[in-house]
Amino acid sequence: MANEYDVVVIGAGTGGYVAAIRAAQLGLKVAVVEKQKALGGTCLIWGCIPTKALLEHAHALKVAQSAKEWGLTGIDGAAVSIDMPAVHARKDKIVSGLTGGIEMLFKKNKIEWIKGTARLTGGLSLEVTLNDGGKQTVSATKEIIVATGSSPRSVPGIDVDRKKIIFSDEAIHLPSVPKSIAIMGSGAVGVEFASIFKSYGSEVTVIELLPRLVPGEDEAVSTELERAFKKRGIKVMTGSKVTSAKAGGKGVDIEVAGADGKSQKLSYDLLLVATGRGPVTEGLGAEKLGLKMDRGYVVVDQLFRTNVPGISAIGDVITMGGPHYQLAHVSSMEGIILAERIAGHAVQPINYDHVPRCTYTEPEIGSVGLTEAQAKAQGHEVRVGSFPFRALARARMAGETDGFVKIVAEKKYDEILGVHIIGPRATELVAEAVMALRMEVTVEELIKTIHAHPTMSEAVGEASHAAHGAAIHI
Amino acid sequence: MPQMGESIAEGTIVRWIKKVGDSVDRDEPLFEISTDKVDAEIPSPAAGVLMAINVKEGETVPVNSVVATIGAAGEKPQATEVPKVPEVPKVPKVGAGGNGSKHSAQADGTPGATVAAPAPPSTTSAAPTAPAPQALQAPEAPDSERHKSSPLVRKIAKEHNVDIGQIQGSGIGGRVTKQDILGFIDSGASAAPASARPASEPVANIPVARGVGATVTPMSVMRKKIAEHMVLSQRTSAHVYSVFEVNYSKVDQIRKAKKDDYERAGAKLTYTSFIAKVIVDCLRRHKTINASIDGDNIVYHNEINLGIAVALENGLIVPVVKAAGEKNTLGLSRAIQDIADRARAKKLNPEEVHGGTFTITNPGNFGAQFGLPIINQPQVAILGVGTIEKRAVVIEDAIGIRTMGYLTLGYDHRLVDGAVADQFMADVKKGIENFDPSQV
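Residues numbered from 1 in each chain as written. Chains lettered and ligands numbered in written order. Predicted model: local features only at pLDDT ≥ 70, side-chain atom pairs only at ≥ 80, totals over all residues. Heavy atoms only, no water.

Draft legend 1. Focus on the overall build of chain B. From N to C terminus, chain B includes 7 helices and 17 strands. Out of the 440 residues belonging to chain B, those deemed buried represent 50%. Taking contacts inside chain B between residues at least 6 apart in sequence as the whole, the part at least 24 apart equals 67%. For chain B, the accessible surface area stands at approximately 20,700 Å², while carbon and sulfur atoms represent 52% of it. (Helix = DSSP H or I, 4+ residues; strand = E, 2+ residues; numbered from the N terminus. Buried < 20%, exposed > 50% of the residue type's maximum accessible area, 1.4 Å probe, protein only. Contact = heavy atoms within 4.5 Å. Areas by Shrake-Rupley, 256 points an atom, 1.4 Å probe, with all protein chains shown as cover.)

Below you can see the structure in the form of structure tokens.
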């Protein structure tokens, strides 16, 4: 049968395309149904890649603006500003280069890209509404993988018009830098855009419902980020709720109920809604097929099986009862494990306590494992070690001395429970911590691990020293 | 896997002496096995070329499994055509008898296995039966002394005195993770060994902290069997000991006089020859010592089958001189020499370590004054021979130099009371001290 494959993947995001490649590597015949014009999904087209590209531009801008400090001549720092069309051109080139790369990988691995929208029709069959018209029936002999991902979600009462009240999808290609922008929500997406737009010259206000920024992170990280943001001139309103938002000709009028209970009316050019992402299952026919769902998410077990035999799901669209992160690298690992399972390999469930979380603000945040509060709540006898970047040679050279490395460990067995890094290269430094947690390294082992000098990573070694008493260089 | 004795259900291939493609002659050693009775080299049943090996070294298979294929001389191995034998390495072997009467242990008290304190003589009635049928074999010898774990797991293991090797690792490559070891500790498995372990292991399995530089080696099959049998015996019998001092002067004289005659006859006349002869004669008179407990019954053996403990390089074995009661001193000397030599050469027939009714062990070989050996089940007594040397002794109010030695009788108080044992030993002492030269 022409349209029969071992595995059919719905969605070519970082979960789906990685699952497809891994399955093909393991000798399976694979097709991927993707309706977008490019492969790569949210991460490549609207998420990680474009936003981090914008951040690199922000960094370049920052260096140019402080040319005098760096001893650069021929640049008037005060006159330097950002050229958005040029930024977008470079960013889009990066994105299309990467999505094109996935196409190449598909060809290399003989993966069929079926351009259209898939609907589950029962058993291991799909009906694909092709982008260029017509319908096609596709079936799998082994497994269908639902990897349809997520899209930004607003909260009740806030209607996103995608012009003045926008999502991150729009924020990545604003034609010009807004004079002022309010950002609802201070998760990774919210604070990253806050950092970008502030660098680009906007007046930025972050409004967070909970009492602190990045509420998923360790409290010390939140405090440090808020301090750094305020230092940069970003206005932070925590414990505050946007009760209404009205888009007008000139901008957005919002009402914010503050932590003190008082309500105030504020006006901005734009309101970015970064309150989270929800699952994409519309048109998939999941409910009709009897797929077990929970608030729109597809319910799966630890090895990504849905309740319907032969249908598995990975990535942002799933829920599995326990903690689950809507992160590209989580989806990718789920895709790899699922593909290996389908190919008949013995696989083990993911330990979601060992998922690195990266927030590309300035300063960056990289963390893994339990926060101090979580560790205490779980009954551990906790000990903590911190080391500030300002005491680190390498950080001073970079002129980036905000932040610290904080290690959360427990006393009984000296186990490292969490590592929380805010500061320069935090998103890279966290890799060592992820390995340490996965390999069940004790603080003692981390202390005895040699960290090269002069590097940012020395802060990790020093923080482990601090957890056992005192860092060397402070 | 050859049937190495009726009570043997399986065997472990210890070593392949020949490789695939080697040519073998009939009766040329082909592989080495270890069963719960004996280690032996197995000769090739036919001449030809070893075409395929189906059972790897270290694997345990039931008897009558095909372990290898031998083809006609000149044939080339074609591994794919060899029928694959199902591997049944983990089937626990169940003791044949309902009361364990067939547990004829190969191992017994050795010079090194002396027990510090005799068991209290009063704990008799609670467990009248010999060991119930039980899993004898869990051949899971880890092939690596290193166990994959993590710094954290090692720390937890140290804290809780847990042997990481006991834990089934769920991580990649069997790595023991934090979850595994915590689960293991929570399950209480560290206190009581997992059920797959032989039931004869001690209940209190105290894990060993591994210090720096310690090496860890898996037990050989023989070592495991010795361990099982020793613990089983300690649990089964109410061990009591009597030590007698014996004057060997007369025996010494006879030995010196007859040694050369024996040598000419191809035998060695040793102190053991005399002791064995006296023991056989005394056992004939003291039926209770040459007996076994079978449930609520006492089996008085008619035959006297004398077990002789032989120390090997990494263990010991107790071959049996069958029908020892029908042999004279020369016959006993020859038989003891023969089985001891063949035990060391691993050439024993499995039946030759089976069916003993009494055992002699000789810790005195290594200078021990006397030993307190553990009974070789299902026997009820064991003789430990202490070192034989010249000592100053009092003889009729004078001090003289005589060839002396201690003899220990370890006996099972469930059946043998002190008076019975001591009467037996007094008889043995008398037999040795007044050895009839015409018996040699």
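Following the structure, the description resumes.
Draft legend 2. Fine view of the side chain of Glu 440 of chain A. One can find Glu 440 of chain A in the loop between helix H13 (426-438) and helix H14 (443-447). Not counting chain neighbours up to four residues away, the residues in contact with Glu 440 of chain A comprise Ser 150, Pro 151, Leu 152, Val 153, Arg 175, Val 176, Thr 177, Lys 178 and Gln 179 of chain B.

Draft legend 3. Geometry of the packing of aromatic side chains. Residue and element names in this part refer to chain B. Applying the stated rule across the entire model yields 6 aromatic pairs over all chains. With 5.0 Å between their ring centres and 80° between their planes, Phe 274 and Phe 435 make a pair best called edge-to-face. Of the two residues, Phe 274 sits in helix H5 (residues 271-285) while Phe 435 sits in the segment after helix H7 (418-433), which places them 161 residues apart along the sequence. For Phe 274, a relative accessible area of 1% corresponds to the buried category. (Phe/Tyr/Trp six-rings, centres within 6.5 Å; stacked < 30°, edge-to-face > 60°.)

Draft legend 4. Local environment of the pairing of strand S3 (residues 112-122) of chain A. All names here are of chain A. Pairing geometry for strand S2 (residues 30-34) and S3, over 4 bridges, is parallel. Following the sheet pairing, Val 33 is matched in S3 by Ile 114. Across 6 bridges, S3 lies against strand S4 (residues 125-130) in antiparallel orientation. Looking at S4, one finds that Gly 122 is bridged to Ser 125. Counted along the chain from S3 to the antiparallel partner S4, the turn is 2 residues long, and its residue Gly 123 has a positive phi close to 60°. (Pairing = 2+ DSSP bridges.)

Draft legend 5. Layout of the nonpolar core. Of all hydrophobic cores here, the largest spans 63 residues; its most connected members are Val 30, Phe 106, Leu 126, Ile 145 and Phe 304 of chain A. Top element by residues in this core is helix H1 (residues 16-25) of chain A. It accounts for 7 residues. For Val 30 of chain A, the contacting residues outside a window of four places in its chain are Tyr 5, Val 7, Val 9, Ala 20, Ala 23, Ala 24, Lys 110, Ile 111 and Glu 112 of chain A. One finds Val 246, Ile 317, Ile 432 and Phe 435 of chain B within the second-largest nonpolar core, a separate group that totals 55 residues. (Core = buried A, V, L, I, M, F, W, Y, C linked by side-chain atoms within 4.5 Å.)

Draft legend 6. Representation of a nonpolar patch on the surface in the model. All names here are of chain A. A surface patch of nonpolar side chains, about 260 Å² in accessible area, is lined by Trp 70, Leu 72 and Ile 75. Within the fold, Trp 70 resides in helix H4 (residues 67-70). Given the relative accessible area of 40%, Trp 70 is considered partly exposed. (Patch = residues over 30% accessible without salt bridge, like charges linked within 9 Å, V, L, I, M, F, W, Y side chains within 5 Å. Salt bridge = Lys/Arg side-chain N within 4 Å of Asp/Glu carboxyl O.)

Draft legend 7. Spotlight on the sheet that holds strand S6 (residues 60-62) of chain B. Residues and elements named next belong to chain B. Judged by pairing direction, the sheet is antiparallel, and its 4 strands sit side by side in the order S4-S3-S1-S6 without closing on themselves. What marks the edges here is a single partner per strand, and that holds for strand S4 (39-43) and S6. Sheet twist, expressed as the mean angle between neighbouring strand axes with direction ignored, is 40°. Sheet topology note: the strand S1 (residues 10-16)/S6 ladder contains 3 bridges and is antiparallel. Note that in S6 the partner of Gly 11 across the bridge is Val 61. (Axes fitted to C-alpha atoms, helices over the stretch in contact; angles between N-to-C directions.)

Draft legend 8. Up close: the sheet that holds strand S11 (residues 241-247) of chain A. Residues and elements named next belong to chain A. One open sheet holds the 3 strands; their spatial order is S11-S12-S13, and the pairing between them is antiparallel. Two strands close off the open sheet at either side, each with one partner strand: S11 and strand S13 (263-268). Adjacent strand axes in the sheet meet at a mean angle of 20° when their direction is disregarded. Where strand S12 (residues 252-257) lies against S13, 6 bridges are found, and the strand directions are antiparallel. The partner of Ile 254 across the bridge, within S13, is Leu 266.

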